[in-house]
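Take a look at the letters that make up each chain.
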Amino acid sequence: MLLTIDIGNSNIVWGLFRQQTLIGHWRADTNPTRTAKDYGDLLVPQLRSAGRSADEINDAILCSVVPALLPVIEQMAQDLSRRKPLVVSSDMDTGLTLHYADPRELGADRLVNAAAAYDRYKTSLIVVDLGTATTFSVITGQGDFLGGAIAPGLGTGAEALSARTAQLPKVPLAQPKTVIGRDTVSSIQSGLIYGHASMVDDLIVRLQDELGQRALVVATGGFSSLLAPCSRKIQEVRPHLTLEGLELLHRRTRSQTGI
């Protein structure tokens with residue numbers, strides 16, 4: 001089975017695929033001080049609790065936006081799969097034509113998400129990844145990756161608000177019952193949730209205007225299920241798009257190289 005690993009700024013998400021089917025997914029917090037063994041010791045019990053075994057893993061692929069953790073997780077994946085894992089880069093055949101000034105600067109997660117979304121929908125797309133950062137990636141119907149936008153994420157905004165104000169508490173990130181908050185907690189929740197959704201919606205409109213056509217809007221990332229119901233522009237939610245994209249790139253790369 002294939003182990004897919006998405007190394008993000010806040011969390012590491014791993015998924016287990018049998019052929020093209022995601023049969024399990026787990027997460028751990030991103031901690032650069034942990035060793036390859038530490039992360040293996042986190043993953044193996046998670047696999048066991050789901051009735052799986054690390055012995056079933058025979059290959060791995062990963063993408064990372066945390067350079068310091070890349071060799072650590074590479075080693076963990078190699079220890080588990082007994083094979084050198086694939087690491088996503090802009091040099092891979094993603095099925096897209098990259099129109100980015102320097103493709104090496106493109107976040108691996110954005111590249112994976114764009115590849116997965118285009119492979120699934122084969123149409124003009126705006127992929128919104130709602131994580132530590134909120135990123136927007138624009139893809140044409142011909143598979144041209146044009147670029148996009150990067151903004152602070154919902155959680156990042158919430159942490160900054162509580163850290164930089166004397167009287168505003170840190171609140172649970174949940175959709176309030178009304179936009180008009182009746183107390184401090186619901187007022188903060190309204191500003192954070194609906195404010196972020198409004199930012200997302202307005203930027204989608206601006207991206208579509210510049211693109212010159214309407215595009216299918218697909219959301220993914222840890223906050224996608226929370227924010228999508230508050231958005232007027234998000235049309236599809238695929239929480240595991242990055243894992244799906246990793247499986248796609250693994251299949252595409254291994255079949256081409258035969259390695």
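Residues numbered from 1 in each chain as written. Predicted model: local features only at pLDDT ≥ 70, side-chain atom pairs only at ≥ 80, totals over all residues. Heavy atoms only, no water.

Details of unusual backbone geometry
Unlike most non-glycine residues, Gln-19 shows phi in positive territory, near 55°. Topologically, Gln-19 is positioned in the loop between β2 (11-18) and β3 (21-29). Phi is positive for Lys-122, close to 50°, though the residue is something other than glycine. If you trace the backbone, Lys-122 turns up in the loop between α3 (108-121) and β7 (125-130). On the accessibility criterion, Lys-122 (49% relative accessible area) is partly exposed. (Helix = DSSP H or I, 4+ residues; strand = E, 2+ residues; numbered from the N terminus. Buried < 20%, exposed > 50% of the residue type's maximum accessible area, 1.4 Å probe, protein only.)

Notes on the environment of Asp-38
Relative to the helices and strands, Asp-38 is located in helix α1 (residues 36-49). Separated by 36 residues in sequence, Asp-38 and Leu-2 place their C-alpha atoms 20 Å apart.

Brief notes about the nonpolar core
Among the nonpolar cores identified, the biggest contains 29 residues, and Ile-61, Val-88, Leu-96, Leu-125, Ile-139, Leu-246 and Leu-249 are the most heavily contacted of them. When contributions to this core are tallied by element, the ones reaching two or more residues are β2, β4 (59-64), α3, β7, β10 (216-220) and α7 (241-257). Considering every element that reaches this core, the biggest residue donor is α3, with 8 residues. Sequence-distant contacts of Leu-246, that is, excluding residues within four places in its chain, are made with Thr-4, Ile-5, Asp-6, Ile-61, Leu-62, Cys-63, Val-88 and Val-112. Membership of the second largest hydrophobic core comes to 25 residues, among which are Val-128, Leu-154, Leu-192 and Ala-228. (Core = buried A, V, L, I, M, F, W, Y, C linked by side-chain atoms within 4.5 Å. Contact = heavy atoms within 4.5 Å.)

Some thoughts on the sheet that holds strand β6 (residues 97-98)
Read across the sheet, 6 strands follow the order β6-β9-β8-β7-β10-β11 without closing on themselves; strand pairing throughout is mixed. Sheet topology places β6 and β11 (236-237) at the edges, where each strand pairs with a single neighbour. Here 2 bridges tie β6 to strand β9 (residues 144-152), and the two strands are oriented parallel to one another. Bridge pairing in β9 links Thr-97 to Asp-144. On the sheet, α3 packs against β6, β7, β8 (133-139), β9, β10 and β11 and is oriented at approximately 135° with respect to β7. (Pairing = 2+ DSSP bridges. Axes fitted to C-alpha atoms, helices over the stretch in contact; angles between N-to-C directions.)

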